[in-house]
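Chain by chain, the residues run as shown.
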Amino acid sequence: MDVIQLQRRFIDYTSSLYREVTLNGFLDEQFTQLQQLQDESNPEFVVEVVSLFFEDAEKLLADLSKTLTQQPIDFKKVDAHVHQFKGSSSSIGAQRVKNECISFRAFCEQRNREGCLQCLEQMKQEYYHVKNKLETLFQLEHQILEAGGTIPMTE
């Protein structure tokens, strides 16, 4: 695939991640702001930040799973983990994950174990979905650069 085709594919793919914010796209404007912080002095900035998010998310999801199986459930601890996950999701623009965290916290307030477990599964699903989408986006970026092109700016 030539550079022009890769760049078009990149633009189309990136647009699909934001599409229809009202229909709950995968990313919000926070991801765009993150991309704008990347420059020639730190060309891997977004990949590095998102990779840190992935590492933290995996740990938080494991901690949440463990905490929800302990009796009695420490809902304050669960809520603290979910709050942290909501903040990190927001910081990279992962809006579907962030929205699941909001629902999850409501169940924590109600001390509703079943609701928390359902939200945890939905949160994991949204997390792995956005992780897959971002990894694909980064692979496209890599292919464009390997082909000698530049990463196109998207709106």
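An account of the accompanying structure is given in this report. Just so it is clear, the structure is predicted and the values come from calculations on it, not from any experiment.

## Observations concerning the overall build of the chain
Okay, step 1: Helix and strand counts for the chain stand at six helices and zero strands.
Okay, step 2: Across the chain, helices and strands are ordered from the amino to the carboxyl terminus as α-α-α-α-α-α.
Okay, step 3: The principal-axis extent of the C-alpha atoms belonging to the chain is close to 55 × 30 × 25 Å.
Okay, step 4: Here the chain, with 155 residues, has 39% of them falling under the buried criterion.
Okay, step 5: For the chain, the share of sequence-separated contacts (at least 6 apart) that also reach a separation of at least 24 residues comes to 66%.
Okay, step 6: Accessible surface computed for the chain: about 9,000 Å², of which carbon and sulfur atoms make up 49%.

## Describing the pattern of salt bridges
Okay, step 1: Summed over all chains, the structure comprises seven salt bridges.
Okay, step 2: Of the charged contacts, one joins Asp 63 and Lys 59 as a salt bridge, the two residues approaching to 2.9 Å between their closest N and O atoms. Taken as a pair, Asp 63 and Lys 59 lie in helix α3 (residues 45-69) at a separation of four residues, close to a single helical turn.
Okay, step 3: When the shortest N-O distance is used, the salt bridge between Arg 113 and Glu 114 registers 3.2 Å.
Okay, step 4: Given a relative accessible area of 30%, Arg 113 falls into the partly exposed group.

## Details of the environment of Ala 80
Okay, step 1: Within the secondary structure, Ala 80 is located in helix α4 (residues 75-92).
Okay, step 2: Owing to a relative accessible area of 44%, Ala 80 belongs among the partly exposed residues under this scheme.
Okay, step 3: Spatially, the C-alpha atom of Ala 80 lies 32 Å from that of Asn 42, the residues being 38 residues apart in sequence.

## Focus: the side chain of Glu 126
Okay, step 1: By the element assignment, Glu 126 lies in helix α6 (residues 113-146).
Okay, step 2: Judged by its relative accessible area of 13%, Glu 126 falls in the buried class.
Okay, step 3: Not counting the four nearest positions on each side in its chain, Glu 126 is found in contact with Arg 96, Val 97 and Glu 100.

## Concerning unusual backbone geometry
Okay, step 1: A cis amide bond, omega -10°, links Gln 71 with the succeeding residue Pro 72.
Okay, step 2: Following the sequence through the fold, Pro 72 ends up in the loop between α3 and α4.

## Topic: the layout of surface pockets
Okay, step 1: One number sums up the size of the largest pocket: a volume of about 540 Å³.
Okay, step 2: Contributing elements (two or more residues each) for the lining of the largest pocket: α2 (29-36), α3 and α6.
Okay, step 3: Here the lining of the largest pocket gets five residues from one element, more than from any other, and that element is α6.

## Comments concerning the state of the cysteines
Okay, step 1: In this structure the tally under the stated criterion is zero disulfides.
Okay, step 2: Between Cys 116, a free cysteine, and Cys 108, which holds the nearest cysteine sulfur, the sulfur-to-sulfur gap is 3.9 Å.
Okay, step 3: Residue Cys 116 is classed as buried on the basis of its relative accessible area, which comes to 0%.

Parameters and conventions
- Residues numbered from 1 in each chain as written.
- Predicted model: local features only at pLDDT ≥ 70, side-chain atom pairs only at ≥ 80, totals over all residues.
- Heavy atoms only, no water.
- Helix = DSSP H or I, 4+ residues; strand = E, 2+ residues; numbered from the N terminus.
- Buried < 20%, exposed > 50% of the residue type's maximum accessible area, 1.4 Å probe, protein only.
- Contact = heavy atoms within 4.5 Å.
- Areas by Shrake-Rupley, 256 points an atom, 1.4 Å probe, with all protein chains shown as cover.
- Salt bridge = Lys/Arg side-chain N within 4 Å of Asp/Glu carboxyl O.
- 1 Å grid on protein atoms, 1.4 Å probe; cavity = no way out; pocket = protein on both sides within 12 Å on 5 of 7 lines; lining within 4 Å.
- Points joined across faces, edges and corners; volume = space filled by probe spheres on them.
- Disulfide = S-S within 2.5 Å.

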